[in-house]
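# Examination of the molecular architecture
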2 protein chains.
Amino acid sequence: MADKKKRRRAAADSDSDSDTLQFKSKLKPDSNILQILKTLKSSAANTAASEKPRPLSELNLATACREVADLPLSSVQSTIESLALSLAHSILSGNGFSFSVPSRAAANQLYVPELDRIVLKDKSSIRPFANVSSVRKSTITTRIIQLIHQLCLKNIHVTKRDLFYTDVKLFQDQSHSDAILDDVSCILGCTRSSLNVVAAEKGVVVGRLIFSDNGDMIDCTKMGMGGKAIPPNIDRVGDMQSDALFILLVEKDAAYMRLAEDRFYNRFPCIIVTAKGQPDVATRLFLRKMKMELKLPVLALVDSDPYGLKILSVYGCGSKNMSYDSANLTTPDIKWLGVRPSDLDKYNIPEQCRLPMTEQDLKTGRDLLEEDFVKKNPGWVEELNLMVKSKQKAEIQALSSFGFQYLTEVYLPLKLQQQDWL
Amino acid sequence: MADKKKRRRAAADSDSDSDTLQFKSKLKPDSNILQILKTLKSSAANTAASEKPRPLSELNLATACREVADLPLSSVQSTIESLALSLAHSILSGNGFSFSVPSRAAANQLYVPELDRIVLKDKSSIRPFANVSSVRKSTITTRIIQLIHQLCLKNIHVTKRDLFYTDVKLFQDQSHSDAILDDVSCILGCTRSSLNVVAAEKGVVVGRLIFSDNGDMIDCTKMGMGGKAIPPNIDRVGDMQSDALFILLVEKDAAYMRLAEDRFYNRFPCIIVTAKGQPDVATRLFLRKMKMELKLPVLALVDSDPYGLKILSVYGCGSKNMSYDSANLTTPDIKWLGVRPSDLDKYNIPEQCRLPMTEQDLKTGRDLLEEDFVKKNPGWVEELNLMVKSKQKAEIQALSSFGFQYLTEVYLPLKLQQQDWL
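For clarity, every value in this text was computed on a predicted model and none was experimentally measured. (Residues numbered from 1 in each chain as written. Chains lettered and ligands numbered in written order. Predicted model: local features only at pLDDT ≥ 70, side-chain atom pairs only at ≥ 80, totals over all residues. Heavy atoms only, no water.)

## Some words on the overall build of chain A
Along its length, chain A carries 18 helices and 18 strands. Against the 2.2 N^0.38 benchmark of 22 Å for 422 residues, chain A shows a C-alpha radius of gyration of 24 Å, consistent with a compact globule. Along the first, second and third principal axes, the C-alpha set of chain A runs to 90 × 50 × 45 Å. Contacts spanning at least 24 positions in sequence make up 77% of the contacts within chain A whose residues lie at least 6 apart. As displayed, chain A offers around 16700 Å² of accessible surface, 53% of which is attributable to carbon and sulfur atoms. Of the charged side chains in chain A, 56 are positive and 51 negative, and the gap between their average positions amounts to 1 Å. (Helix = DSSP H or I, 4+ residues; strand = E, 2+ residues; numbered from the N terminus. Rg over C-alpha atoms; globule rule 2.2 N^0.38 Å. Contact = heavy atoms within 4.5 Å. Areas by Shrake-Rupley, 256 points an atom, 1.4 Å probe, with all protein chains shown as cover. Lys, Arg positive; Asp, Glu negative; His and termini not counted. Charge placed at Lys NZ, Arg CZ, Asp CG, Glu CD.)

## Examining the domain arrangement of chain A
It is common to give the size of an interface as the accessible area that goes away when the parts come together. Residue and element names in this part refer to chain A. Under the domain assignment, chain A is made up of domain 1 (18-52 + 200-417) and domain 2 (65-198). Once you take the C-alpha centre of each, domain 1 and domain 2 turn out to be 34 Å apart. Of the residues lining the interface, 24 residues belong to domain 1; the matching set on domain 2 comes to 22 residues. Of the roughly 2000 Å² buried at the junction of domain 1 and domain 2 (both faces included), carbon and sulfur atoms supply 51%. The interface formed by domain 1 and domain 2 contains zero salt bridges. Of all the secondary structure elements, the ones that give two or more residues to the side of domain 1 that touches domain 2 are helix H11 (281-294), helix H12 (306-317), helix H13 (326-329) and helix H16 (372-375). When residues in the side of domain 1 that touches domain 2 are grouped by element, the largest group, three residues, is from H13. (Domains from an automatic or database assignment. Buried area = accessible area lost by both parts, 1.4 Å probe. Salt bridge = Lys/Arg side-chain N within 4 Å of Asp/Glu carboxyl O.)

## Quick word on the UniProt feature "domain: Type II DNA topoisomerase VI subunit A all-beta" (unreviewed entry) in chain A
Here the UniProt-annotated "domain: Type II DNA topoisomerase VI subunit A all-beta" (unreviewed entry) positions come out as residues 201-237 of chain A. Helix makes up 0% of residues 201-237 of chain A and strand 41%, with an end-to-end C-alpha separation of 14 Å. (UniProt positions renumbered as here; feature names shortened; annotations may be inferred.)

## Description of the pairing of strand E13 (residues 246-250) of chain B
All names here are of chain B. Buried residues dominate E13, accounting for five of its five residues. Of the two faces of E13, both are covered, the one formed by Phe246, Leu248 and Val250 as well as the one formed by Ile247 and Leu249. In this sheet, strand E15 (residues 298-301) lies alongside E13 in parallel orientation, the contact comprising four bridges. Within E15, the residue paired with Leu248 across the bridge is Leu299. (Buried < 20%, exposed > 50% of the residue type's maximum accessible area, 1.4 Å probe, protein only. Pairing = 2+ DSSP bridges.)

Here's what the structure looks like:
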């Protein structure tokens, strides 16, 4: 036994070189760090209370903007029925029929600093049926609306792919039915999830969270290492309860696994969530719901490259493609915890674990510097400038060069202790 | 209310065209179908009992073959320590050191019909340290073995990416450390999961299954629509219990969602599992464990294209890349339930929902016809011939052309009733 212990110590020492020790020695007792997190949580809760989501109408913006709402199925159904009635009236009065479709083009998008997200301006176009150039699109629009009406009656969820396959002859290509599905969201003024059309699930969640999924109570501390798959249909998620102090948003699967296996959420009460790369709609909706209902701060752990920050921004401010629904898809006030460009030198990440940025990386980085949601955060601009200047990037996994558990045992605790988020 | 009901009926009728009705009318009461499934289950259990997994040694094959075993961590540790001792002896006796590495080349692979899977023949090569051409590989091999030894001592799991980042200077590229990790599995004679190196998780499971994940009991009937993420580390999965009659293996996420939302497993007691596309190691191990412990028949629902059958074959017979571990990764006796090429005409899948096969598709299809694991199943050969001849493919989602719930309400029940699997 003593022999075994000695061997364990020897192994532990072997990956504790001077760098690891240098940072480990800075760590204070967990109770100090927990105190910091409690302060963070209550300030997040206060901000949430004072910062009532402001409706667009109150902002007095120079340009009129449009947003969609999360509607219950019965409202979607009656909205469709009213629309059908008005179209029928128009036809009967000899005017044929047409849809008024909000434009989702880049020129019709606006970043609103007060809201910290992208919204849609109010430009729309008329899509008449009796016109050679728009007859196909207006037919598809009508068919999609009819299919959505069926989903309302049956109260089931389907994927975009299912929708496409119900009328391949008309839709021809899934990109056509997908695009018009977004149009239909805008026409009806409701979110895509309200239409009961869901995306494939990708995300997982583990840690101090209890919630109901389709009527089943899920305790995410009892989900082993695999975690709970995030449900594709947010409208069947509810009853969120948690004693967590923060939400840790992780970009990559590998880092998530390390945190789940080490049960990081037991040492520092938190909820750990990942979309395994690009954020999908289900994970974005789930993160927002957690933030809103539990009023917890969100700290993000992403790769130190332009895509890491871009992913953070999609969670935070929305993607351009779905800006009409940004109010429901975005999570305000996400903090950039790491891995930040300045961490590379600060934590002595070895040269060989850093990667040179490609031309494309650099271009993406420079483009991000022009984005409003980056500009409004001077700390982010500084970090991004450093990244573009040093031309170096690094993955979260680069921390493994100091030992497999460096992430959970040194890096993250130290970051939390030093309140080192932006 | 009556009005609402009428509206519902009208909507239901609208997607019940003559085709749907034609097949719906063939459906017998669920009790009949359940009886068929019970018979299927008991015959699968009997087969499992009589078909004790035969060790390679008993088969008297003309060529010697090699397999790796699932070893407990302590055995991996002691195997590494013995290996280190023997290398030290070799060095001290003035012979330097070298590894004997089993070859994983295609020429060293063999399909064994008695086992119905691919195994590795016994060719190996010597990898000496004191040789310019192999010094790098033998150094990497030594380092990987040392890192695995650390994992044994700490009893933690890491990803291949983590492993790579512990010594980027030496490994240079992840493909180098990945390849040698497989070599190390073969050298130590154990599975990659025994080495505590896991792949990212991708699969989900829902339905009549209870199991423990890292000490937590998981009830997969209480996982809502999202299901439970399949854990990356199979060695922490255990205590499987189930009252299911079969396992339904689904290729795609969309079909899985339909089945989960409709709680298909409550109408026909089953366990529904998907890897969302290409089978990953964790899902393959999990499926095998379910099949072995619960002795349930496995029915596969895949796209009607060469990749659907290929995916089925990876679950069933293994991939060439990891043939050394085929005994632990493969699930014997998977039945091809659908969507099969013959279903396209049988179920009148509309022409516009079928897609023309590309040249690459046709080549993959013809290549599959040459594979031993296809040849041994005459029914599969016939279906595959039909596919290649008709040059048509179709996704599971094509069934949505008869209504969103056609899959769960008509197609699958009818398939089960008619025992229409191969």
